[in-house]
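Examination of the molecular architecture
One letter stands for each residue in the lines below.
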Amino acid sequence: MIFCAAGFLSHAQEFSSEVWHDGYLITTEDDTVRGLIKYDMEANIVQLIQGNVVKTFSSHKIFYFEIYDKLVDNYRQFYSIPYNVNYNYEIPIIFEVLYEGPLSLLSREAIVQESVSNSSAYWGGSFIQDKVHYTFYFLHKDGKIDLYLGKKSDLMNIMSKHSSEVKSFIKKNRLKTDELRDLIRITAFYNAI
């Protein structure tokens with residue numbers, strides 16, 4: 001849907017976290033529940049429709065869930081993993097697994113508003129647009145989770161075991177360390193060394 005009023009152009013946009021997906025959920029009690037799933041990473045909850053009943057699960061009650069996301073035409077996998085949110089205070093939060101290996105790449109998403117300048121000859125100024133923002137994390141095989149904010153130097157610290165090979169791979173392939181697809185490629189390369 002596109003509408004235009006008083007010089008304001010808006011595109012209705014759907015985000016994966018706002019629609020229902022076919023999928024299943026495994027609880028911390030090893031129950032598998034199938035149905036339509038909707039997730040909210042900011043609140044750390046998952047809603048599931050089974051029959052005509054909507055059930056809500058907190059991250060404390062979820063082990064894993066998988067959805068088929070029609071918007072990206074792909075399966076997506078999520079785990080509830082204990083994470084240190086404050087000094088010495090750990091709670092399970094929902095992470096999406098982007099790449100699984102000895103060093104796994106995880107993400108959390110949030111819908112944020114971003115000001116976008118419009119350089120069209122007809123419509124000047126700027127407008128506010130909703131956008132999905134990803135925060136990345138690396139899960140080590142010992143269970144330690146590192147927050148990753150996109151800086152190449154931080155990535156080299158996380159991947160210090162093979163940093164020189166990773167640096168060469170990034171340069172040779174002209175990869176950006178803060179872009180989703182490139183970060184998956186870099187993580188896959190690191191795990192293959």
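No experiment lies behind these values; they were computed from the predicted model shown.

Structurally, R76 is set in strand β8 (residues 74-86). A relative accessible area of 8% means that R76 is categorised as buried. Of note is the side chain of R76, whose polar atom sits 3.4 Å from the side chain of S16. Of the polar contacts made by the side chain of R76, one reaches the side chain of Y39; its length is 3.0 Å. Leave out the neighbours within four places in its chain, and R76 touches S16, Y39, F65, E66, I67, D69, E96 and E109.

Attention shifts here to the layout of surface pockets. Estimated volume of the largest pocket: approximately 580 Å³. In terms of lining residues, the largest pocket is bounded by 21 residues, among which V72, R76, E96, Y134 and L180 are the most central. Taken together, the elements giving at least two residues each to the lining of the largest pocket come down to β8, β9 (89-99), β11 (126-140) and α3 (180-192). Here the lining of the largest pocket gets 4 residues from one element, more than from any other, and that element is β8.

The subject of this paragraph is unusual backbone geometry. Despite not being glycine, N44 has its phi angle at roughly 55°, a positive value. By secondary structure assignment, the location of N44 is in the loop between β4 (32-40) and β5 (45-50). N44 sits in the buried class, given a relative accessible area of 12%. In the Ramachandran plot, D73 falls in the positive-phi region, its phi being about 55° despite a non-glycine side chain. Looking at the element boundaries, D73 is found in the loop between β7 (62-69) and β8. Accessibility expressed as a relative area gives 55% for D73, which makes it exposed.

The next thing to look at is the confidence of the model for the chain. Taken residue by residue, the chain gives an average pLDDT of 88. The fraction at 70 or more is 89%. Throughout residues 1-11 the model reports pLDDT below 50, and contacts reaching past four residues in sequence, or to other chains, amount to 14 contacts.

In this structure the tally under the stated criterion is 13 aromatic pairs. On the basis of an interplanar angle of 5° and a centroid distance of 4.1 Å, the ring pair of F169 and F189 is categorised as stacked. With F169 in helix α2 (residues 163-173) and F189 in helix α3, this residue pair connects regions lying 20 residues apart in the sequence. Of the residues examined, F189 reaches a relative accessible area of 24% and is grouped as partly exposed. Among the aromatic side chains, those forming a connected cluster through ring pairs are Y24, F63, Y64 and Y79. Lying across the ring of Y24, R34 places its NZ or CZ 4.9 Å from the centre.

Bringing the environment of E165 into the picture now. Along the chain, E165 turns up in helix α2. Take E165: its relative accessible area is 34%, and that puts it in the partly exposed class. Expressed as a C-alpha distance, the spacing of E165 and F189, which sit 24 residues apart in the sequence, is 9.2 Å. Not counting residues up to four positions away in its chain, the partners in contact with E165 are F189 and I193.

With 6 of 8 residues buried, β7 lies mostly within the body of the structure. Here 6 bridges tie strand β3 (residues 21-27) to β7, and the two strands are oriented antiparallel to one another. If you follow G23 over to β7, its bridge partner there is I67. Relative to β8, β7 runs antiparallel, the two being bridged by 6 bridges. Its bridge partner lying in β8, D69 is registered against N74.

Reading guide: rules and limits
Residues numbered from 1 in each chain as written. Predicted model: local features only at pLDDT ≥ 70, side-chain atom pairs only at ≥ 80, totals over all residues. Heavy atoms only, no water. Helix = DSSP H or I, 4+ residues; strand = E, 2+ residues; numbered from the N terminus. Buried < 20%, exposed > 50% of the residue type's maximum accessible area, 1.4 Å probe, protein only. Polar contact = N/O pair within 3.5 Å; in protein donor to acceptor, adjacent residues only side chain to side chain. Contact = heavy atoms within 4.5 Å. 1 Å grid on protein atoms, 1.4 Å probe; cavity = no way out; pocket = protein on both sides within 12 Å on 5 of 7 lines; lining within 4 Å. Points joined across faces, edges and corners; volume = space filled by probe spheres on them. pLDDT = per-residue confidence, 0-100. Phe/Tyr/Trp six-rings, centres within 6.5 Å; stacked < 30°, edge-to-face > 60°. Lys NZ or Arg CZ within 6 Å of the ring centre and 35° of its normal. Pairing = 2+ DSSP bridges.

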